Amino acid sequence: QEQLVESGGGSVQPGGSLRLSCAASRNIFRVFAMGWYRQAPGKQREFVAAINSGGVANYADSVKGRFTISRDNAKNTVYLQMNNLNPEDTAVYYCKAGVTMTLNLGPNYWGQGTQVTVSS
């Protein structure tokens, strides 16, 4: 069964950092672009970042310069390093696989979600 398993969420003060991880089955990881969406309370789910099999990354404007996405092909894992976090980054973060660089199209593969809370 194809799956995405996330880890690394938590609580941090404004200005702090967190790193999220998403381990994928090999069949997903080697074929699709990988990345993250997030959903804050009362808001729609939104794109955060993606990286394709060639290592090319794409970011939402709201996280450019603060978040870095990377992938370890040997571990079938994608990472999201989040620096200089602010309260607006508080959300449930979901790992996703997709065809495009905003992770649209392709099979509907989502992780279970991990909570990120930024608060003083």
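Scroll up to find the structure.
My aim in this report is to walk through the structure given alongside it, one point at a time. (Residues numbered from 1 in each chain as written. Predicted model: local features only at pLDDT ≥ 70, side-chain atom pairs only at ≥ 80, totals over all residues. Heavy atoms only, no water.)

## Here's the deal with the overall build of the protein chain
Then step 1. If you tally the helices and strands in the protein chain, you get one helix and 10 strands.
Then step 2. Counting from the amino terminus, the protein chain carries its helices and strands in the arrangement β-β-β-α-β-β-β-β-β-β-β.
Then step 3. Taken over C-alpha atoms, the radius of gyration comes to 13 Å for the protein chain, in line with the 14 Å a tight globule of 120 residues would show.
Then step 4. Here the C-alpha coordinates of the protein chain stretch approximately 40 × 25 × 25 Å along the principal axes. (Helix = DSSP H or I, 4+ residues; strand = E, 2+ residues; numbered from the N terminus. Rg over C-alpha atoms; globule rule 2.2 N^0.38 Å.)

## Here's the deal with the side chain of threonine 90
Then step 1. Its location among the elements puts threonine 90 in the loop between strand E8 (77–82) and strand E9 (91–98).
Then step 2. A polar atom in the side chain of threonine 90 sits 2.9 Å from the backbone nitrogen of valine 118.
Then step 3. Apart from the residues within four sequence positions on either side, threonine 90 is in contact with Ala40, Gln115, Val116, Thr117 and Val118. (Polar contact = N/O pair within 3.5 Å; in protein donor to acceptor, adjacent residues only side chain to side chain. Contact = heavy atoms within 4.5 Å.)

## Remarks on the sheet that holds strand E3 (residues 18–24)
Then step 1. Taken in spatial order, the four strands of this open sheet run E1-E3-E8-E7, and their pairing is antiparallel. Here the strands that pair on one side only, and so sit at the sheet edges, are strand E1 (4–7) and strand E7 (67–72). Neighbour-to-neighbour, the strand axes of this sheet turn through a mean angle of 15 degrees, independent of strand direction.
Then step 2. Here E3 runs beside E8; their pairing, made up of six bridges, is antiparallel. Paired with alanine 23 across the strands is threonine 77, a residue of E8. (Pairing = 2+ DSSP bridges. Axes fitted to C-alpha atoms, helices over the stretch in contact; angles between N-to-C directions.)

## Describing the environment of phenylalanine 29
Then step 1. Along the chain, the position of phenylalanine 29 falls in helix H1 (residues 26–29).
Then step 2. Using a relative accessible area of 2% as the deciding quantity, one classes phenylalanine 29 as buried.
Then step 3. Excluding residues that lie within four positions of it along the chain, phenylalanine 29 makes contacts with Ala24, Met34, Arg71, Asp72, Asn73, Asn76, Thr77 and Val78. (Buried < 20%, exposed > 50% of the residue type's maximum accessible area, 1.4 Å probe, protein only.)

## What about the environment of glycine 35?
Then step 1. Within the secondary structure layout, glycine 35 lies in strand E4 (residues 33–39).
Then step 2. Overall, glycine 35 belongs to the buried group, its relative accessible area being 0%.
Then step 3. C-alpha separation for the pair glycine 35 and alanine 97, spaced 62 residues apart in sequence, amounts to 6.5 Å.

## Digging into the sheet that holds strand E5 (residues 46–51)
Then step 1. Strands sit in the order E2-E10-E9-E4-E5-E6 across an open sheet of six strands; the sheet is mixed. Lying at the two open borders of the sheet, with one neighbouring strand each, are strand E2 (10–12) and strand E6 (57–59). Geometrically, the sheet is characterised by an average inter-axis angle of 25 degrees between neighbouring strands, direction not taken into account.
Then step 2. Note that E9 and strand E10 (residues 114–118) share three bridges and pair antiparallel. Bridging across to E10, alanine 91 finds its partner in valine 116.

## A word on the pairing of E8
Then step 1. The element E8 is extensively covered by neighbouring structure, given that five of its six residues are classed as buried.
Then step 2. Bridge count between E7 and E8: six bridges; the pairing is antiparallel. Following the sheet pairing, isoleucine 69 is matched in E8 by leucine 80.
Then step 3. With antiparallel pairing between neighbouring strands as the criterion, E7 and E8 make up a hairpin whose turn holds four residues, including asparagine 76 at a positive phi of roughly 50 degrees.

Distances and angles like these do not, on their own, reveal function.
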